[in-house]
Every structure is written in structure tokens, then in C-alpha cells.
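Coordinate inspection notes
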Amino acid sequence: MCNPEETALLQLEETFSATLARIDSLVLQPLLLATPEPSDPWGRECLRLLQQLHRSSQKLWEVTEESLHSLQERLSHPDAIGLETLLLLRGADHVLQVHMEYLESYTSCVVVQAFQKIAKRRSEYGQKQRKVLRQFLSDMSLEGTAGPTLVEALRQPLTHHMQQYVLLLLSLGDTIKERHPARELVVHAATLFGNLQSFMRQALDQAVATQALWPTLSSRLRDVLCSPAHRLLQDSQDIPVTVSPLRAQRVLLFDDTLVLLQGHHVHTFDLKLVWVDPGQDGCTFQVLTPEEEFSFCAKDPQGRVVWQWKVTQAVSQALRGKKDFSVLGAGLEPPEPPACRCVEYTFRMEGRLCQATYEGEWCRGRPHGKGTLKWPDGRNHVGDFCQGLEHGFGIRLVPQATEDKFDCYKCHWWEGNMCGYGVCEYSTDEVYKGYFQEGLRHGFGVLESALQAPQPYKYTGHWERGQRSGYGVGEDGDRGERYIGMWQADQRHGLGVVVTQAGVCYQGSFQADKIVGPGVLLSEDDLLYEGSVTRDLNLVGKGKVTFPNGFTLEGSFSNGAGRGLQTQGVLDTAALPPDPSSIRKRQLGLGAFPVESRWQGVYGPFRDFVRASCPGDLQEALLGFHTQSSRELRKSQEYLCCQRTHPKDSKSSIEDILEELLRHQEPKALQPYLRKALSNSLHPLGKLLRTLTLTFQATYAGVGANKHLQGLAQEEVKQHAQELWAAYKGLLQVALQRKGQALEEEEDAETRDLRVHGLVLPLILSSFYPELFTLYLLLHEKEDSLYSQGITNLSLFPDTKLLEFLDVQKHLWPLKDLTLTTNQRHSLVRNKCFLSATECLQKIVTTVDPREKLEVLERTYGEIEATVSRVLGREHKLPMDDLLPLLIYVVSRARIQHLGAEIHLIRDMMDPMNTGGLYDFLLTALESCYEHIQKEDMRLYRLPSRWGSRDRW
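Read on for an overview of the structure. Every chain is numbered independently, its residues counted from 1 as its sequence is written. For a predicted model such as this one, the threshold for reporting local features is a pLDDT of at least 70, and the threshold for listing and counting side-chain atom pairs is 80 or more; totals across whole chains, interfaces and linings nevertheless cover every residue. Side-chain numbers come from the whole structure's heavy atoms, not from hydrogens or water.

**Comments concerning the overall build of the protein**
What counts here: By definition, any uninterrupted DSSP run of H or I lasting at least four residues is a helix, any uninterrupted run of E lasting at least two residues is a strand, and each is numbered from the N terminus. Throughout this description, buried means an accessible area under 20% of the type-specific maximum (1.4 Å probe, protein chains only), exposed means over 50%, and partly exposed covers the range between. Every residue pair with non-hydrogen atoms within 4.5 Å of one another is taken to be in contact.
When you go through the protein residue by residue, the secondary structure sums to 27 helices and 27 strands. Taken across its 953 residues, the protein has 51% of its residues classed as buried. Pairs at least 24 residues apart make up 54% of the contacts formed inside the protein by residues separated by at least 6 positions.

Right under this line is the structure:
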């Protein structure tokens, strides 16, 4: 059974469908056919709007026909087809959308007077269509022009139809029971079309008001502002308002733009980038835009309420991208527009952002959040912004004159300037990795040219205000030399050491990049010169040469082109050859650069980070980041992106780091934790260690591998261990402070040294070991060469002959361990005696930890003693006069290369706690073996005259 309202809806749809068909055939199509192709832009625009209206009218007729068909089906089969099948109910949103599109097309034509302009072009159209238009109008005289008549003829059927829709749907809802399945659909449709009816009145009124605005403006202003998309919401001529500081003569609020008129000047502001703030008094409110701020002042509080309400509502609708059903002025509290938005804007006013386009997040009129800046000259910046300034991580590309060449800055920014860690790749293929301050290189940094550059160079060290200043290492690839020392204003200035590929090492004073005064020069063959030198390290002026054999030459030196070195002086041949140990002590740089002050640019940012209680927003500025290479960034300016490994994306945020640190304070857990932290590049300790490793390699690898720098490198490694321990303690204090726990008492110097040498140094030594051990190799090269000769000669002996040669007592020979084959004699067996001890000692080169090396030595001694005890059939403690020859035997069979370098590195780097203990004794015994093997009688097959101390151990 159908309701009477359903029958009425059917009749309403039939009437409206027929009306739309007549409008199309009798009004719109003749109007379009009667209109020739206009030649002026406005004429073409009006024709386009009419064509769009025609299309939307067709869609409206089609959906009305669909609705009519569904009503007919329902009325024909009321028992089989339910009320909920009606298109008007199940597809209410779609029907609504089609009505909205038609309304938008119609009001756009009204705004620009498209009907009047087209009708005016063909005056005979209005005369022919008067009778046709009469049937669409019920209460309007046709004595006027055709344009307004046509406007009203298209408006009346739509408004009448919508009014009847709402009445019938409300009546239908009243007749349906509460639990009926279609009740919610009917209520929903009634609500939708009720809102549409209200909105339609508002939209039509706005269109008429906008149409009426254009004649009040000058032709110049009309050409600028007149647009079919504009809808006038408020005019200051209706409700007066003054604007300062601009002093606008008229204020127009459109649905997408705020317009301030000042004489012939038009100031337009996109509502998506307008923020409204309540004023300090009842008549004033503030308007914020990307480049200007205005104060709107009404004559009375009521005027202020209307203006503020309408601007706020218009901003909200502009941000949503669609018009709402709410009626302007219906309430005092419109939806608050979000303070943060994502919009594109091109800056117009003079300044650093002039003509730049920003696309990204905004807050209260300023770029704030993530966004992209693009300048007309090709500069691009993508990253984080704060209150209109680059702040946080960002990437900037700056084009250069050369085609497809850019400077790429990947850096942290602070209030518009580069600040913190950054990576800059220049169009010249230079790369800078380091710290910035106020846009300039400042602190620690590395600047390196391309390998294929005509004059390759690299600088690793400190910077001040964009210039190399302080301690640093500069490498000149063209000259094949490295400078280690002090800099000022981009020049070598102060004490410094120059190392060349030829092995020459010079220490002296520099001023404005020039060598001044006397210095010390050491050659690779241990020649010592004290005096003045030229830029190329040639001897010049007064000086003294000490030859490796002890002879000295003191006098004046000169070095002319093509004449070689010339000298006048006194040659002294009476001196005795210097002791080799005294020659090894000739180390440069010690005392010239206090070790605690060399790399303050590396330690400084970490200390500042800890001093500031490790703020998370500064973590990346300290630890650095990973981004795509500049080559990848240069591929496309349009798709410039900003991707990197960020602490928030990993498990190494500073909060997690501090939490884990607190859980591993116990001595047993501390060493594994430190090992893990130091190997993690995202951990502050790991980042610090990697940077220190970089400085060490820049100083002592390659050209810097000079034996005269071994002392400098050794004390540097120990200092790094102290700094890393201090860094750990600083992090621990911050972690305790955050948890509100009691801070640890400051440890005394002795406890600190034990921690540094016993805990930290063994963990970090592997990072510096390649370069450090190379310096030990070079320093002890001569002794190791003699040692190698001795090992080679001793290896020719069979086991029994070597034991006899070394004067090992026969009752200690492990002949029981020898398994002989047929016809084999003891005298021919080689490399079988004390095999376990030999294999154990060989493991000394498999670790870099001095303590582990000493433990290997201890186990070797244990294996020797265990073998002797097995031979004797009882436990036996070896006296020194028995131990030393047996240890020499094991060392000779182990054939450890560069044993002298190993021994001295262990001695220099071992824990001071071991001094005077078992490890110290065993290391001394190994040193004694090493020295004996170097002796001439060992190399010439003669028995040593004595072994040394006969005291029992």
C-alpha cells in the first residue's frame, strides 16, 4: 500500500522533468544555437558557462527521470517493491550532488551576467522567446529585458521544486512508523534537501549580490576581480570596517579571497592562508597572512561579530574545498579553522623569499613544519620550517652557472641558517662534512676535493667563521705532503709538522702559510737536521746535521738551482754511534700540540649535547644522518625529496639509549654494553668513536705513516679513551637525573685511569689499530729485520739440534712427544717439540687487545711448563735459566712477524695495573727472547755466551 505522499512525489517529479525538458529545448538549446562564436575573452567565457549549465541541466533531467522511474515501479508494484528502493531515498546523496552541480552552474552564469550578455548579442532572441518564458514564470512581468527574465525563468522552477521536495519528504516521514526499514532513509533525505533548500537561498542571494557588485567598481577593478567562481559574502559598504595599517578604502570578502581596495590598487589574500585572531577590544580583530598582518576595526561590536564570523566561516569553507549548508550569520561560533594547514603560496614582497614559492605546512601565517621552497633562479630548499624560517633538517640545492651543476647542502638549520652537522657537496665536486654555525663552517669538519682534481687536497680539523683555524690536518695531493698543526684564517699559522711521501718529517713554526725560524727535520734514514729550511724543506742558512752514525756537520747551507746542496762548516767524526733507543725517541709533535686540546671540535658538540641534558631534537644535529647522494638529488629538481635515517625511525632515540644505559651499570654488564654502543653508529658513543677514527686516519694513514709520529699517535689514542669514558659518565649522569636518582660521585684520577685502560682502551683499540700498528712497524723496522734474520737461521735447525744449540737441558727435551716413522731419527724431526706452546703463542697476532695478548703469553708459559711436567712425570716450576732458552725455542718456532712492534705496542697500551705483576714479568721475558734472537751469535750459529739472570722465578 502506497502513501499519498508517494503519489504526490511522482506528480512532482513528472512536472519537474517536463519543465527541465522544456527549458532545455525551448530556452537553452535555442540560446546556444542562436549565439555565434564570440571573439572576445568574456564572450567566450559566457558561452562556456552556458554550455556547462546545459550539461548540468541534462544531468539533472536524467537523475529526475531515474527518480520518476523508481516511483512508477514502486506505485505499480507496492507489495513487491519497498519504499527504500526509491532513488530519492537510497541515492539521496547522489541526487543532492547533481542538484548542487546545477546550482553552481546556474549561479556562475548569474554572477557574470552571462544570460544578459548572450541575450544582448542577439536581441531578436528575447523577442521570440517572451511567450516561451511566460510559461515558466508565475508572478513576474515580461516587460523588462530578456536577460533578467531568463534568470528568473531558470530560478523559479528549481526553487519551487526543492520546496515541494522538502514538504513531501517531511510529510512522508510523519506517516512512517518508527521501526519501518525506510524511516532512516526518509529522515536522511528530508534533512539533506532541507539543508539544500536553505543553502540554495543563500547561494542565489550571494550570486545576485556578487552580480550587483560589479557595476559599483571601476572597469579596471572589475577586470581584475570579476570571476564566475567568486561569491560576495560581505562588503564594507554594507557593514563598515576599517583596516590598518593599509587604510583600505573598501573591503570585499569573497568565498575564496579577501580583497582590500586602495585606490586603483587591489590587494588579494587567499583565504586558505588567512588566520583570524580575536582583538583586544569589542570592535577589533586581527587578520594574519603570510606577508602582512591587519587590524580590522568595526564601528560597533555587532559589526565586528558579523565580519569576524563571516571571515572565519569563509576560511573554514575554503580549507574544506566545498561550500557548507550552514547559513552565514545563523550562529555566533563558526567551526574554528585549523591553525596548521598545507597550502602553496608565492611570496611577493621584497626580501629573501621574494618570488619564492612555498608548498607545505603553515601555522598562523608562517611556514611551519615540513615544506619545499623554490626560487625562480632554481634554488630549492626542502625540509623543516619553524615560524617562517628554515629550522631543523633541510636540503638545499643552489644552481651554478655551469649547466646541470648544483651546490647541495644537506644540513641542520637554526632560525634560517645552517647550524649543526651537515654535508655539503659542491658543483666543483668538493665535499664538506662537518659542523656549521650561522651558515658558516664552524667547529670540526672535513673538506675534500675530488680525487681527479688538478690539485687534490683534504683538510680535517677545526673551522672558525668559515675559515680553517685551530688544530687541523691538511693534505696536499699535488705536493705529496701533509701538514699537521695549527691554522689561522685559512693558512698554516703556529707550530706544525710537515710529512712528505719521501719520509721526511719537519717540525717548526709557520706564519701566514710560510715557514719561519729554525726547526727540526728528520729523514727516513734517521738523519737529524736542526736549522732553517725552505718551503720545499731544502736546507738553507745556519744549521746542524747529525748523521745516523753519530757524525755531525755544523755550518751554513745553501741549495741553488742545478748545483745541489752546498755547505760550509765543521764536520765532527769523533762522536760515537748513537744508541738505537735514543734514535727511536726522536718523535715530533710531542709537547707542541697538547693532546687534550687537539680535537676539541670533535669533543665540544658532544659535551654541549650532554650539558643540555641530551635533548632529542638536537640528537640528529650531533649524530648526523643519511640522505641520498647529490647526484640523485640533481636528477630532478621537481621531485626533490628529503629522506634520511632519523633517530625517531630507529631504536636508537636518546630516550631508549639512556634507558638501556641505566640497565647496564653493573661491572659485568658494562663492558658488553660499551662494546655494543661503540659499534653502533646511531649511538652517541659510537658516533664519537667514528669521528675520532676519521681524524686518526686523516693524520696517520698514507703520507702520515711516519715513524717519527708514533709518540703523537700513541698519546692521542689514550686521550680518546679518556674522552669516551668521560662521555659515557656524562650520559649516565643525564640518565640518572631524568629518573630523579642520586648522581654518582666524581671518581678519583686513579679509578678513572683503571677504567680507561682496563675497560675502554681495549674496546676502541681496534678502530685505530691499522694506523697505529703501522707506526710501530716503521719505528722498529731495523730491530725486526735483525730478529727476522735470527728466526730464519734458527728455523734451519732440527728440533733436537736447536734445543742443544739453545743449551736446553736434555732431561727437559720432550722426546716422548715425537712419533717417529720407519727409519726416522730424532735428529731429523723438526717443528714437533713444544708444539702446543708454539701454536698457542702464534695466537698473539689474532687480537688487538693488549690484555688478550698478555693472556696468550700466559697460556704459552703454561703450555711450556705443562710439557716439561709431563716429560718429568711430576709438576715442575721452571727457573729462569731453564725458562728463557725454552721460550726462545718456542718463539723461534712460532715465527711471529714484527714481534718487536707487537711487544712495544703491548708495553705502551697495557693496563697500568699489570705493571710489576705476572704479565709484566712474562712480557719482560718475551722482550729478552726478542733481544737474544737479534744478537749476532744467533744469526751466525754461535752459542750465546750467557743467558742473563740465573734467579729462579
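That was the structure; now back to the text.
**Comments concerning helix 1 (residues 4-33)**
For clarity, the cut-off: To estimate the expected span of a helix, count its residues, drop one, and scale the result by 1.5 Å. One axis fitted to the seven residues ending at a residue, another fitted to the seven starting there: the angle between these axes is the bend at that residue.
Helix length check: helix 1 (30 residues) gives 42 Å between terminal C-alpha atoms against 44 Å at 1.5 Å per residue, within 8%. Along helix 1, the sharpest change in direction is near 35° and occurs at D24.

**Comments concerning unusual backbone geometry**
Note that the residue after S244, namely P245, is joined by a cis bond; omega there is 10°. Here P245 lies in the loop between strand 2 (241-244) and strand 3 (250-254). The phi torsion at R247 lies on the positive side, around 55°, for a residue other than glycine. In this fold, R247 is placed in the loop between strand 2 and strand 3. Exposure remark for R247: the relative accessible area of 69% places this residue in the exposed category. Even without being a glycine, D490 presents a positive backbone phi close to 70°.

**A word on the pairing of strand 15 (residues 417-425)**
The following threshold applies: The pairing criterion for strands is at least two bridges between them, as found by DSSP.
With seven of its nine residues buried, strand 15 lies for the most part within the structure. Here six bridges tie strand 14 (residues 406-414) to strand 15, and the two strands are oriented antiparallel to one another. Its bridge partner being in strand 15, C411 is matched across the sheet by G422. Between strand 14 and the antiparallel strand that follows it, strand 15, lie two residues; E415 among them carries a positive phi value of about 50°.

**Quick look at the sheet that holds strand 1 (residues 232-235)**
Going by this rule: Simply put, an axis is a line fit to the C-alpha atoms, just over the touching stretch for a helix, and the angle between two N-to-C directions goes from 0 to 180 degrees.
The strand order 1-3-4-5 describes an open sheet built from four strands, whose pairing is antiparallel. A strand with exactly one partner marks an edge of an open sheet, and here the two such strands are strand 1 and strand 5 (265-270). Sheet twist, expressed as the mean angle between neighbouring strand axes with direction ignored, is 20°. Judged from the three bridges that link them, strand 1 and strand 3 form a sheet pairing that is antiparallel. When the sheet's bridge partners are listed, L232 is paired in strand 3 with F254. Along the sheet face, helix 8 (residues 183-213) touches strand 1 and strand 3 and points at about 55° away from the line of strand 1.

**Overview of helix 17 (residues 684-700)**
Compared with the 24 Å implied by 1.5 Å per residue over 17 residues, the 24 Å span of helix 17 between its first and last C-alpha is a close match. Buried residues dominate helix 17, accounting for 14 of its 17 residues. The first or second residue beyond helix 17 is G702, which carries a positive phi of 65°.

**Here's the deal with the sheet that holds strand 2**
A sheet is described by the order of its strands in space; here four strands give the open sequence 2-8-7-6, paired in antiparallel fashion. Among the strands making up the open sheet, the edge pair consists of strand 2 and strand 6 (275-278). Between one strand axis and the next, the sheet turns through 25° on average, direction left out of account. In this structure, strand 6 lies alongside strand 7 (residues 284-288), joined through four bridges in antiparallel fashion. Considered in strand 7, the bridge of W275 is made with L288.

**Thoughts on the pattern of salt bridges**
Where we set the bar: Throughout this description, the term salt bridge denotes a Lys or Arg side-chain nitrogen within 4 Å of a carboxyl oxygen of Asp or Glu.
Throughout the structure, instances matching the rule amount to 34 salt bridges. In this structure, R48 engages E45 in a salt bridge whose closest nitrogen and oxygen atoms are separated by 2.6 Å. Linking R48 with E45, this pair stays in helix 2 (residues 41-76), spanning three residues, or about one helical turn. Assessed through its relative accessible area of 36%, R48 is described here as partly exposed.

**Examining the environment of R352**
Let me state the cut-off plainly: As used in this structure description, the phrase polar contact means that two N or O atoms lie within 3.5 Å; if the pair is within protein, one of them must be able to donate a hydrogen and the other to accept it, and residues adjacent in sequence are counted only when both atoms belong to side chains.
With respect to the secondary-structure elements, R352 resides in the loop between strand 9 (340-346) and strand 10 (357-363). Not counting residues within four places of it along the chain, the set of residues in contact with R352 comprises W375, G388, L389 and E390. Among the polar contacts listed, one links the side chain of R352 to the side chain of E390, at a separation of 2.9 Å.

**Some words on the pairing of strand 19 (residues 467-476)**
Taken together, the seven bridges between strand 18 (residues 457-464) and strand 19 define a ladder with antiparallel strand orientation. Across the sheet, the residue bridging to G461 is G472, located in strand 19. With antiparallel pairing between neighbouring strands as the criterion, strand 18 and strand 19 make up a hairpin whose turn holds two residues, including R465 at a positive phi of roughly 50°. By the bridge criterion, seven bridges tie strand 19 to strand 20 (residues 481-488) in an arrangement that is antiparallel. Its bridge partner lying in strand 20, G474 is registered against Y483.

**What about the side chain of R341?**
Selection rule: Charge counting follows a simple rule: Lys and Arg are positive, Asp and Glu are negative, and His as well as the terminal groups are ignored.
Tracing the sequence through the fold places R341 in strand 9. Despite its burial, R341 pairs with no opposite charge; the closest candidate is E336, at 7.1 Å N-O. A polar contact is formed between the side chain of R341 and the backbone oxygen of P338, at a distance of 2.8 Å. The contacts of R341, once residues within four sequence positions are left out, are L271, K272, L273, V274, W275, V315, L319, G360, E361 and W362.

**Considerations on the state of the cysteines**
Note the cut-off: Our working definition of a disulfide is a cysteine sulfur pair at a distance within 2.5 Å.
Counted by the stated rule, this structure contains zero disulfides. Sulfur of C386: no disulfide; nearest cysteine sulfur belongs to C363 and is 9.1 Å away. Judged by relative accessible area, C386 falls into the partly exposed class, the value being 29%.

**As for the packing of helix 12 (residues 600-611) against helix 17**
What counts here: Any angle from 65 to 115 degrees is called roughly perpendicular, while one under 35 is roughly parallel, one over 145 is roughly antiparallel, and all others are oblique. Residues were grouped as follows: Ala, Val, Leu, Ile, Met, Phe, Trp, Tyr, Cys and Pro as nonpolar; Asp, Glu, Lys and Arg as charged; and all remaining residues, including Gly, as polar.
The contact between helix 12 and helix 17 brings their axes to 10 Å, and the two run at 170°. As the angle between them shows, helix 12 and helix 17 are arranged roughly antiparallel. Between helix 12 and helix 17, the contacting residues are V602, Y603 and F606 on the first element and P684, L685, L688, T691, L692 and T695 on the second. In terms of residue class, the contact of helix 12 with helix 17 is built from seven nonpolar, two polar and no charged.

**Looking at the packing of helix 16 (residues 667-678) against helix 19 (residues 749-779)**
Condition: Here is the rule for handedness: rotate from the far helix to the near one, and if that takes an anticlockwise turn smaller than a right angle the crossing is left-handed, while a clockwise turn gives right-handed.
Axis separation between helix 16 and helix 19 bottoms out at 10 Å; the angle between their running directions is 40°. As summarised for this structure, helix 16 and helix 19 are arranged oblique, according to the angle between their axes. In this structure, helix 16 crosses over helix 19, and the sense of that crossing is right-handed. Touching L670, Q671, L674, R675 and L678 of helix 16 are R755, L759, L763 and I764, all from helix 19. Here the contact of helix 16 with helix 19 is built from residues that sort into six nonpolar, one polar and two charged.

**A few points about the packing of aromatic side chains**
We count it as follows: Planes of paired rings set the category: under 30 degrees apart is stacked, over 60 is edge-to-face and the rest tilted, where pairs are Phe, Tyr or Trp rings (Trp by its six-membered ring) whose centres lie within 6.5 Å.
Tallied over the full model, the rule gives 29 aromatic pairs. Where Y345 meets F347, the ring centres are 5.2 Å apart and the plane angle is 85°; that geometry is what we call edge-to-face. Given the relative accessible area of 13%, Y345 is considered buried. On the basis of relative accessibility, which here comes to 5%, the residue F347 falls in the buried class. The structure contains a cluster of three or more aromatic residues connected by ring pairs, namely Y432, F436, Y459, W463, Y483, W487 and F510.

**Some details on the environment of D277**
Looking at the secondary structure, you find D277 in strand 6. Those residues in contact with D277 that sit more than four places away from it in its chain are F285, Q286, L288 and R364. Among the polar contacts made by the side chain of D277, one reaches the side chain of R364 at a distance of 2.2 Å.

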